[in-house]
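# Chain and residue survey
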Amino acid sequence: MFKALLLTKSDDGKTQAALTSLDDAQLPPGEVLVQVSHSTLNYKDGLAITGKAPVVRTWPMVPGIDLAGTVIESSDARYRAGDAVLLNGWGVGETHWGGLAQKARVKADWLLPLPTGMTAERAMAIGTAGYTAMLCVMALQAQGVTPDRGPVLVTGANGGVGSIAIALLSRAGFTVHASTGRLDEEAHLKSLGAAEVIDRATLSAPGKPLQKERWAAAVDSVGSHTLANVCASLHYGGVAAACGLAQGMELPTTVAPFILRGVTLAGVDSVMAPYARRAEAWTRLAAELPAEVLAANTATITLEDAPAVAARLLAGQVRGRVVVDVGV
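Bringing the environment of R122 into the picture now. Following the sequence through the fold, R122 ends up in helix α2 (residues 120-142). Remark: the alpha-carbon pair of R122 and L294, spanning 172 residues in sequence, is separated by 7.6 Å. Every residue in contact with R122, bar those within four places of it in the chain, is listed here: L285, A286, L289, A291 and L294.

Given below as structure tokens:
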């Protein structure tokens, strides 16, 4: 038996989250059985646990789109008992039982070896949020964005993606501007590497199709009017890497930034990204993201804490990253 956070749906359609004990036989099929040591709470996990959005597609469900731990047994030659592994995405926590449990059975194709020198706890302090932030940095760099082209804006700056994007970009030599609704966190954002902090209210309302050119590029986890205003405010040839929808899924913009300023909107998907891109992102994270940044940007909780913290996360009351130590 092992502990897990299990989501069920009540007769009236509401999501119920409860810490429970499960048997190995209840786990879904997969080639690799993992002893999970750490998981995380991401925005999508918050939506699943609280039922605020229809994230969960199969019931009952163990949430958790990230996990890290050690292989117990494997029928796939790529992994053997004792191997340290991690997993992000692939519908885990949505259609397949996820990481907020002490064990997980998953497909071998979904796993990555834990980077050399990286602990499971550090990997989950990075998690999908940090991995997505690195994918965004890679997307900007693939489009030729370099520090000499001007400042880079990061929206949702106090969130998991935003905070790690600030740290990665600043350490790569970029001047970073951070947009947040929590201006009281300015000192924290500047400690991560932000050179300037702006109020998200300046971007979150409907704006003009073309605006003053302010940024060479942007990492956006917010969507909606914010992303529209960001695109309208990029320099000629600017690039926006879009990876989230914290404000909304809609994009109320025009073609003006794209056909008059040559702006590029680069979509960044972390869930189904191919193995080679994942491996590159994690290799770079191991090399480029200092441990002290994570330590100052991460809180650790238990499985039992997860439902309450998920509600706080959706309310915008959680700074940075949340690691779940599933072994306690």
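And the narrative resumes.
Our focus in this paragraph is the layout of surface pockets. As a volume, the second largest pocket reaches approximately 170 Å³. Along the walls of the second largest pocket sit L135, M138, A139, Q141, A142, G267, V268, D269, R277, E280 and R284, which together make up its complete lining. Top element by residues in the lining of the second largest pocket is α2. It accounts for 5 residues. Its residues assigned to classes, the lining of the second largest pocket shows 5 nonpolar, 2 polar and 4 charged.

Read from one edge of the open sheet, 6 strands run β10-β9-β8-β11-β12-β13, paired in parallel fashion. Two strands close off the open sheet at either side, each with one partner strand: β10 (194-199) and β13 (264-267). Strand-to-strand, the axes of this sheet are offset by a mean angle of 20°, without reference to chain direction. Inspection of the sheet shows strand β11 (residues 215-220) paired to strand β12 (residues 234-242) by 5 bridges, in the parallel sense. The residue of β12 that forms the bridge with D220 is A242.

Moving on to α2. The α-helix winds at 3.6 residues per turn, so residues separated by three or four positions along the chain end up facing the same way. For α2, built from 23 residues, the straight-helix expectation of 33 Å at 1.5 Å per residue is missed by more than 12%, its first-to-last C-alpha distance being only 29 Å. Of all bends in α2, the biggest is about 65°, found at G127. The element α2 is largely enclosed, with a buried count of 20 among its 23 residues. Phi turns positive, to about 85°, at G144, one or two residues after α2.

Taken together, the side chains of L210, V255, I259 and L260 define a hydrophobic patch exposed on the protein surface, amounting to about 380 Å² of accessible area. For L210, the location among the structural elements is in the loop between β10 and β11.

Of all hydrophobic cores here, the largest spans 52 residues; its most connected members are L140, I166, L169, W282 and L289. Of all the elements, α2 adds the most residues to this core, at 15 residues. With near-sequence residues (within four places) excluded, L169 lies in contact with V137, L140, V152, V154, F174, V176 and V219.

The geometry of a pair of packed helices is captured by two quantities: the angle between their axes and the separation between those axes. Between α2 and helix α7 (residues 275-288), whose axes approach to 9 Å, the crossing angle comes to 110°. Classified by the interaxial angle, the pair formed by α2 and α7 is roughly perpendicular. Together, R122, A123, I126, G127, G130, Y131, M134, L135, V137, M138 and Q141 of α2 and R277, R278, E280, A281, W282, R284, L285, A286 and E288 of α7 make up the contact between the two elements. Looking at side-chain class alone, the contact of α2 with α7 contains 11 nonpolar, 3 polar and 6 charged residues.

Turning next to the side chain of T128. In this fold, T128 is placed in helix α2. Separated by 2.4 Å, the side chains of T128 and D66 make a polar contact.

Of note, N297 is situated in the loop between α8 (291-296) and β14 (298-302). For N297, a relative accessible area of 2% gives the class buried. Sequence separation of N297 and L189 is 108 residues, and the distance between their C-alpha atoms is 9.8 Å. Beyond its immediate stretch of four places on either side in the chain, N297 contacts S163, I164, H188, L192, R319, G320 and R321. A polar contact of 3.2 Å, which involves the side chain of N297, links it to the side chain of H188.

To continue, consider the pattern of salt bridges. Inspection of the entire model under this criterion finds 8 salt bridges. Here R319 makes a salt bridge to E185, at a shortest N to O gap of 2.7 Å. Of the two residues, R319 is situated in the loop between α9 (306-314) and β15 (321-325) and E185 in the loop between β9 (176-180) and α4 (186-192); the sequence distance between them amounts to 134 residues. With a closest N to O distance of 2.8 Å, R284 and E288 form a salt bridge. Of this pair, R284 and E288 both sit in helix α7, 4 residues apart, roughly one helical turn. We classify R284 as buried; its relative accessible area is 18%. Salt bridges sharing partners connect three or more residues here, namely D76, R78 and D109.

Conventions we followed
- Sequence order as written defines residue numbering, which begins from 1 separately in each chain.
- Local features in this predicted model are restricted to residues whose pLDDT is 70 or higher, and side-chain atom pairs enter the listing and the counts only when it is 80 or higher, whereas totals over whole chains, interfaces and linings include all residues.
- The basis for every side-chain value is the complete set of heavy atoms in the structure, and neither hydrogens nor water enter the calculation.
- The way it works is that DSSP assigns letters per residue, a run of H or I at least four long becomes a helix, a run of E at least two long becomes a strand, and they are numbered from the N terminus.
- Contacts are assigned to residue pairs with any non-hydrogen atoms lying within 4.5 Å of each other.
- Buried and open spaces are told apart on a 1 Å grid over the protein atoms alone, a cavity being a set of points where a 1.4 Å probe fits but cannot get out and a pocket being an open set with protein on both sides within 12 Å along at least five of seven lines. Residues with an atom within 4 Å of a point are the lining residues.
- Grid points are joined across faces, edges and corners, and a volume is the space filled by probe spheres set on the points.
- When residues are sorted by character, Ala, Val, Leu, Ile, Met, Phe, Trp, Tyr, Cys and Pro go into the nonpolar class, Asp, Glu, Lys and Arg into the charged class, and all the rest, Gly among them, into the polar class.
- Should DSSP find at least two bridges between two strands, the strands are regarded as paired.
- Every axis in this analysis is a line fitted to C-alpha atoms, fitted for helices over the stretch in contact. Angles between the N-to-C directions lie between 0 and 180 degrees.
- One less than the number of residues in a helix, times 1.5 Å, gives the span that helix is expected to have.
- Note on bend: the value at a residue is the angle between axes fitted to the seven residues ending there and to the seven starting there.
- Only protein chains enter the calculation, and the probe is 1.4 Å; a residue is then buried if its accessible area is under 20% of its type maximum, exposed if over 50%, and partly exposed in between.
- Patches draw on residues past 30% relative accessible area with no salt bridge. Two like charges within 9 Å are joined, as are two nonpolar side chains (Val, Leu, Ile, Met, Phe, Trp, Tyr) within 5 Å.
- All accessible areas in this document rest on Shrake-Rupley with a 1.4 Å probe, and a residue is counted as covered only by the protein chains that are shown.
- What counts as a salt bridge is simple: a side-chain nitrogen of Lys or Arg found within 4 Å of a carboxyl oxygen of Asp or Glu.
- Buried Ala, Val, Leu, Ile, Met, Phe, Trp, Tyr and Cys residues that are joined via side-chain atoms within 4.5 Å together make up what is termed a nonpolar core.
- By definition in this entry, angles of less than 35 degrees are roughly parallel, angles greater than 145 are roughly antiparallel, angles of 65 to 115 are roughly perpendicular, and the rest are oblique.
- In protein, a polar contact means a hydrogen-donor-capable atom and an acceptor-capable atom, both N or O and within 3.5 Å, with residues adjacent in sequence counting only if both atoms are side-chain atoms; elsewhere, any N or O pair within 3.5 Å suffices.

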